[in-house]
Amino acid sequence: MSIWLSQHWHALLRALRQLVISPVTSLLSVGVFGVVLSLPAGIFLLLENLQTVSGHATESLQLSVFLDTNARQTDIELINARLEQIPAFESFQFISKEIALQQLQQESGLAEAMRNLGKNPLPDAFVVNLGHMAADEIERMREAISAWPGIAQVLVDTDWARKLDAILDLGRVIVLMLAGLFGAALIIVIFNTIRLQILTRRDEIELSRLIGATDSYIRRPFLYFGAIQGLAGAVLAWSILALVIFKLNESLFELARLYATTWALSHFSWQHNLMLLAFSGGLGWFGARWSVARHLAHIDCA
């Protein structure tokens, strides 16, 4: 085990030394990685923030349950008991037709006209605070409650939530497509970078083979080199997005202040940071392994 760890440690040092020897080429490769990764990562980050906004908005959704105008007290008590048995609801409130009429008279400015009505036209109602529920779940709940006896109508506006969910789903597909396309491009970048290194060190590789070096030993520094460039590119992409978010939040702060609210874009969670590092480092490692395997085979043929 100590020999294996020692070999990997020396391979890592050789990869770092190669980065220092050719700083311009290394910085250019890392810059390409960072800039290319920042686009799909930025779109994904925007979708995550929109998902957060969507979640906060759906938490404020209310379900309005209107009873039949001839509903009796027993019907009201039965509906109240049924609503209490649904744990997904955050809370609910019963509004009688008398209270609803008083509120309408106070808020609409039609108090005189409402007093001239011979009969209260408003129904009893329950107002349900939904909490955090998906649009499809809300729709299923609305249909189920509509089928209860004594219910005239159940209203909730989930159209905007459905549209936002559809936009988020489309955005996720776009992120996956961009990640695939840009990932392939980054693999090609690493492939060519490693190819140039192999060509410049061809004599060293052939000499190493003559004295008994295995393909794994020869391959290992190049794999570390590709993985390090990928990890550095991920750090650069993270830094670019952090700067963009900082600048955007400055403008969003002023906009939110005008609407008497507070909202700001958030950066990646630590799980997403690990995913970004693993994805970028994996691309660098794969591109290096592909390039080394291909060109070592060419050396064997020669």
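For the structure, check the block above.
Calculation rules
- Residues numbered from 1 in each chain as written.
- Predicted model: local features only at pLDDT ≥ 70, side-chain atom pairs only at ≥ 80, totals over all residues.
- Heavy atoms only, no water.
- Helix = DSSP H or I, 4+ residues; strand = E, 2+ residues; numbered from the N terminus.
- Buried < 20%, exposed > 50% of the residue type's maximum accessible area, 1.4 Å probe, protein only.
- Contact = heavy atoms within 4.5 Å.
- Expected span 1.5 Å × (residues − 1).
- Arc of directions from axis to C-beta.
- Phe/Tyr/Trp six-rings, centres within 6.5 Å; stacked < 30°, edge-to-face > 60°.
- Core = buried A, V, L, I, M, F, W, Y, C linked by side-chain atoms within 4.5 Å.
- Salt bridge = Lys/Arg side-chain N within 4 Å of Asp/Glu carboxyl O.
- Pairing = 2+ DSSP bridges.
- Axes fitted to C-alpha atoms, helices over the stretch in contact; angles between N-to-C directions.
- Patch = residues over 30% accessible without salt bridge, like charges linked within 9 Å, V, L, I, M, F, W, Y side chains within 5 Å.
- Areas by Shrake-Rupley, 256 points an atom, 1.4 Å probe, with all protein chains shown as cover.
- Polar contact = N/O pair within 3.5 Å; in protein donor to acceptor, adjacent residues only side chain to side chain.

Peer 1: Explain the overall build of the protein chain here, please?
Peer 2: For the protein chain, the count of helices and strands is ten helices and four strands. Each helix and strand of the protein chain, placed in order from N terminus to C terminus, yields the pattern α-α-β-α-β-α-α-β-α-β-α-α-α-α. Within the protein chain, the proportion of its 302 residues that are buried is 37%. Taking as baseline every contact in the protein chain between residues at least 6 positions apart, the subset at least 24 positions apart corresponds to 85%.

Peer 1: Just to check I follow, could you spell out helix α3 (residues 73–84) for this structure?
Peer 2: Taking 1.5 Å per residue, twelve residues should reach 16 Å; α3 reaches 17 Å between its end C-alpha atoms and fits that length. Looking at α3, one finds that the buried residues are Asp75, Ile76, Ile79 and Leu83. All buried residues of α3 lie within an arc of 100° about the axis, which places them on one face of the element. Those residues of α3 that are exposed and angled more than 90 degrees off the buried face are Gln73, Thr74 and Glu84.

Peer 1: Would you mind showing me how to read the packing of aromatic side chains here?
Peer 2: Think of a pair of aromatic rings as described by two things: how far the centres are apart, and how the planes are tilted against each other in angle. Counted under the stated rule, the structure contains four aromatic pairs. Centre to centre, the rings of Phe94 and Phe126 are 5.0 Å apart; their planes meet at 50°, and the pair counts as tilted. One end of the pair, Phe94, is in strand β2 (residues 91–95); the other, Phe126, is in strand β3 (residues 125–129), and 32 residues separate them in sequence. With a relative accessible area of 32%, Phe94 lands in the partly exposed category. An aromatic cluster of at least three residues, connected via ring pairs, comprises Phe92, Phe94 and Phe126.

Peer 1: What should I look at first to understand the nonpolar core in this one?
Peer 2: Soluble globular proteins tend to pack their nonpolar side chains together in the buried interior. Core analysis: the largest hydrophobic core is formed by 21 residues, its most contacted members being Leu63, Val65, Leu83, Phe89, Leu130 and Ile145. Of all the secondary structure elements, the ones that give two or more residues to this core are β1 (62–67), α3, β3, α6 (135–146) and β4 (151–155). Once residues lying within four places of it in the same chain are set aside, the contact partners of Val65 are Asp124, Ala125, Phe126, Val128, Ile145, Ile151, Gln153 and Val154. By size, the runner-up hydrophobic cluster in this structure holds 19 residues, among which are Leu37, Phe222, Phe225 and Val292.

Peer 1: Explanation requested: the side chain of Gln229 in the structure shown.
Peer 2: Tracing the backbone through its elements, the reader meets Gln229 in helix α9 (residues 215–258). The class for Gln229 is buried, based on a relative accessible area of 1%. The residues contacting Gln229, other than those within four sequence positions of it, are Leu19, Ser26, Ser29, Val30, Phe33, Ile190 and Thr193.

Peer 1: Help me out: how do you make sense of the pattern of salt bridges in this one?
Peer 2: A side chain with one charge may pair with a side chain of the opposite charge, provided their charged atoms come close. Across all of its chains, the model carries two salt bridges by this definition. Residue Asp169 pairs with Arg172 through a salt bridge whose shortest N-O separation is 2.9 Å. Taken as a pair, Asp169 and Arg172 lie in helix α7 (residues 159–200) at a separation of three residues, close to a single helical turn. On the basis of relative accessibility, which here comes to 45%, the residue Asp169 falls in the partly exposed class. Residue class for Arg172 comes out partly exposed when judged on its relative accessible area of 33%.

Peer 1: Can you walk me through the sheet that holds β1 in this structure?
Peer 2: Strand pairing in a sheet relies on backbone hydrogen bonds. The paired strands run either parallel or antiparallel. Overall, antiparallel pairing links the four strands, which are arranged β2-β3-β1-β4 in an open sheet. Taken across any chain shown, the strands that pair with only one partner, and hence form the sheet edges, are β2 and β4. When the angles between neighbouring strand axes are averaged without regard to direction, this sheet yields 15°. In this structure, β1 lies alongside β3, joined through five bridges in antiparallel fashion.

Peer 1: Whenever I open this one, the environment of Leu37 confuses me. Can you help?
Peer 2: Looking at the secondary structure, you find Leu37 in helix α2 (residues 23–59). Judged by relative accessible area, Leu37 falls into the buried class, the value being 4%. Sequence separation of Leu37 and Ile240 is 203 residues, and the distance between their C-alpha atoms is 9.9 Å. Filtering out sequence-adjacent residues up to four positions away, Leu37 remains in contact with Leu186, Gly233, Ala234, Ala237, Phe279 and Ser280.

Peer 1: I tried to follow a nonpolar patch on the surface on my own but got confused; where do I start?
Peer 2: Nonpolar side chains collect at one region of the surface, where Ile188, Trp285, Phe286 and Trp290 lie side by side and expose about 420 Å² of accessible area between them. No other element matches helix α10 (residues 270–301), which puts three residues into the nonpolar patch. Mapped onto the fold, Trp290 is located in helix α10. Accessibility expressed as a relative area gives 41% for Trp290, which makes it partly exposed.

Peer 1: Would you mind showing me how to read the environment of Phe94 here?
Peer 2: Remark: the alpha-carbon pair of Phe94 and Ile76, spanning 18 residues in sequence, is separated by 8.9 Å. In contact with Phe94, not counting residues within four places along its chain, are Ile76, Asp124, Ala125 and Phe126.

Peer 1: Which parts of the structure should I look at to understand the side chain of Asn49?
Peer 2: Relative to the elements of secondary structure, Asn49 occurs in helix α2. Accessibility expressed as a relative area gives 6% for Asn49, which makes it buried. A polar side-chain atom of Asn49 sits 2.8 Å from the main-chain carbonyl oxygen of Leu45.

Nothing here speaks to function; it is geometry throughout.
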